[in-house]
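Remarks on the overall topology
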Amino acid sequence: MPSSFAAVLHALSLSPEDADAATRALEGAGAAVGPFAASGDGRYEVMTASVELDDARLTEAREALAALRAGAGLVPASLLSAQRKLLVMDVDSTLIQQEVIELLADYAGKREEVTAVTEAAMRGELDFAQSLVARVETLAGLPAEVIDKVRGAVVLSLGADELIKAFHAAGHVVCVVSGGFTQILDPLAEALGLDHARANDLEVVDGKLTGRVLGEIVDRAVKERMLRTWAAEHAIPLEHCIAVGDGANDLDMLGAAGLGVAYNAKPKVRAAADAAVDIPYLDVVRHLAGV
């Protein structure tokens, strides 16, 4: 029996030809597709259409959409109509434009070394926890004041503030979970009014970083666990949760959520996600989530 979805196209510019291409792709997977309606706010364009599709052909339909020129997502109608939703985002290169560990490494003169490890971990070539320990070790001896300088250098992704405000205005819950550091994330989360935030804790002794992380490292398993924990705390079904991330460390939470969104992501993550955003506007996620 067919299920109801919405096909959401997004790009800096869209044309009727993009809608036609999406319709043909979906019909090739056996879907019944309604007319596409345009929206967006001038920074980018969005087109949305209702879709009826057999669940058994969902993967086929998503793969067909992924081959289009425009970014696209196929979103369950039940998520779009949910009264309360939970949004969980990664932080580095998702909520913010930078990788904090690389900003810190600049002060230690280890930027190239740390960047190479970061990229390998995000591609899924290295165990995240081991790679984090190795990267943080390079920071040993840095004065704690460096953290304040890095915090001041952090820049939100375009549309991040708009996304958070839109979700909160609609009564939804917004959380972030990061393989980065509480010393950077906690003040940012407070300023943004986020409902929950979780990250790693850098050890500081006598005013200097020791090169160690305190407590449990936030890896992909912890990210998924926090999604499930926050969803349960707010009595929101996983099917009504949206997870957004860009690296291999985000794969488990993207898979657990009702809608997993790859944001300017590594190929492995993009291939596994339900939808991909490949333009630099994080608030495209609100259109995918029906907010």
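Further up the page is the structure itself.
Position numbers for residues start from 1 in each chain and track the written sequence from start to end. Since the coordinates come from a predicted model, pLDDT governs what is reported: local features require at least 70, and pairs of side-chain atoms require 80 or more to be given and counted, while whole-chain, interface and lining totals use all residues. With hydrogens and water excluded, all non-hydrogen atoms of the structure serve as input to the side-chain values.

**Some words on the overall build of the protein chain**
- Only DSSP runs of H or I reaching four residues or more are called helices, and only runs of E reaching two or more are called strands; each is numbered from the N terminus. Across its full length, the protein chain holds 14 helices and 12 strands.
- Against the compact-globule benchmark of 19 Å for 291 residues, the protein chain has a radius of gyration of 20 Å, which places it among compact chains.
- Expressed along its principal axes, the backbone C-alpha trace of the protein chain runs to roughly 65 × 35 × 35 Å.
- Expressed as a percentage of the 291 residues in the protein chain, the buried residues total 53%.
- Residue contacts are counted whenever heavy atoms from the two residues lie within 4.5 Å of one another. A separation threshold of at least 6 residues defines the contact pool for the protein chain, and within that pool the share at least 24 residues apart is 65%.
- A total accessible area of about 12100 Å² is found for the protein chain, and carbon and sulfur atoms account for 51% of it.
- Between the mean site of the 25 positive side-chain charges and the mean site of the 43 negative ones, the protein chain shows a separation of 2 Å. Both definitions apply: the radius of gyration is a C-alpha atom measure, and the globule rule equals 2.2 Å times residues to the power 0.38. Only protein chains enter the calculation, and the probe is 1.4 Å; a residue is then buried if its accessible area is under 20% of its type maximum, exposed if over 50%, and partly exposed in between. Per-residue accessibility takes into account occlusion by the displayed protein chains alone, with areas from the Shrake-Rupley method and a 1.4 Å probe. Neither His nor the chain ends contribute to the count of charged residues, in which Lys and Arg are positive and Asp and Glu negative. Note on charges: their place is set at NZ of Lys, CZ of Arg, CG of Asp or CD of Glu.

**Side note on the nonpolar core**
- Counting 59 residues, the largest nonpolar core has Leu 87, Met 89, Leu 95, Ile 242 and Val 244 as its most contacted members.
- Among all residues touching Ile 242, those that are not within four sequence positions of it are Leu 79, Lys 85, Leu 86, Leu 87, Val 88, Phe 167, Ala 257, Leu 259, Val 261, Val 285 and Ala 289.
- Definition used in this section: a nonpolar core is a set of buried Ala, Val, Leu, Ile, Met, Phe, Trp, Tyr and Cys residues joined via side-chain atoms within 4.5 Å. Ranked by size, the runner-up nonpolar core spans 25 residues in total, among them Trp 230, Met 253, Ala 257 and Ala 273.

**Let's talk about the pairing of strand 10 (residues 241-245)**
- Among the 5 residues of strand 10, 5 are classified as buried, and the element is accordingly described as predominantly covered.
- What you see with strand 10 is no split at all: Cys 241, Ala 243 and Gly 245 on one side and Ile 242 and Val 244 on the other are buried throughout.
- Pairing between two strands requires that DSSP report at least two bridges joining them. Here strand 6 (residues 86-89) runs beside strand 10; their pairing, made up of 4 bridges, is parallel. If you follow Leu 86 over to strand 10, its bridge partner there is Cys 241.
- Summarising the sheet, strand 10 and strand 11 (residues 259-263) pair through 4 bridges and their orientation is parallel.

**Thoughts on the packing of helix 8 (residues 145-153) against helix 10 (residues 182-192)**
- The convention used is that axes are lines fitted to C-alpha atoms, helices contributing only their stretch in contact, and that angles between N-to-C directions extend from 0 to 180 degrees. Interhelical geometry of helix 8 versus helix 10 gives an angle of 45° and a closest axis separation of 9 Å. With respect to helix 10, the element helix 8 is oriented oblique. With respect to the hand of their crossing, helix 8 and helix 10 are arranged in right-handed fashion. Across from Ile 147, Val 150 and Arg 151 in helix 8, the residues of helix 10 making contact are Gln 183, Ile 184 and Pro 187.
- Think of it as three bins: nonpolar holds Ala, Val, Leu, Ile, Met, Phe, Trp, Tyr, Cys and Pro, charged holds Asp, Glu, Lys and Arg, and polar takes everything else, Gly as well. Classifying every residue of the contact of helix 8 with helix 10 by side-chain character gives 4 nonpolar, 1 polar and 1 charged. Any angle between 65 and 115 degrees counts as roughly perpendicular, while under 35 counts as roughly parallel, over 145 as roughly antiparallel, and the rest as oblique. A crossing counts as left-handed when the near helix is turned anticlockwise from the far one by less than a right angle, and as right-handed when that turn is clockwise.

**Regarding helix 9 (residues 160-169)**
- Every buried residue of helix 9 is accounted for by Ala 160, Leu 163, Ile 164, Ala 166 and Phe 167. Down the axis of helix 9, the sector holding all buried residues measures 165°, keeping them to one side. Summarising the geometry of helix 9, the exposed residues directed more than 90 degrees from the buried face are Lys 165 and Ala 169.
- Those residues of helix 9 that are buried lie in contact with strand 6, helix 4 (91-95), strand 7 (173-181), helix 10, strand 10 and helix 14 (284-289). Think of the arc as the fan of directions from the helix axis to the C-beta atoms.

**Topic: the pairing of strand 8 (residues 196-205)**
- Where strand 7 and strand 8 come together, 4 bridges link them in parallel fashion. Looking at strand 8, one finds that Phe 181 is bridged to Asn 200.
- Look down the strands so they point away from you; if going from the first strand over the helix to the second traces a clockwise path, that crossover is right-handed. Handedness of the β-α-β unit built from strand 7, helix 10 and strand 8 comes out right-handed.
- Pairing analysis gives 4 bridges linking strand 8 to strand 9 (residues 208-214), with the strands arranged antiparallel. Looking at strand 9, one finds that Val 204 is bridged to Leu 209.

**Concerning the pattern of salt bridges**
- Note on definitions: salt bridges are taken to be side-chain nitrogens of Lys or Arg within 4 Å of carboxyl oxygens of Asp or Glu. Within this structure, the stated rule accounts for 15 salt bridges.
- Arg 151 is paired through a salt bridge with Asp 148; the nearest N and O atoms lie 2.7 Å apart. You can see Arg 151 and its partner Asp 148 sitting in helix 8, 3 residues apart, about one turn around the helix.
- Judged by relative accessible area, Arg 151 falls into the partly exposed class, the value being 30%.

That is the geometry; function is a separate question.
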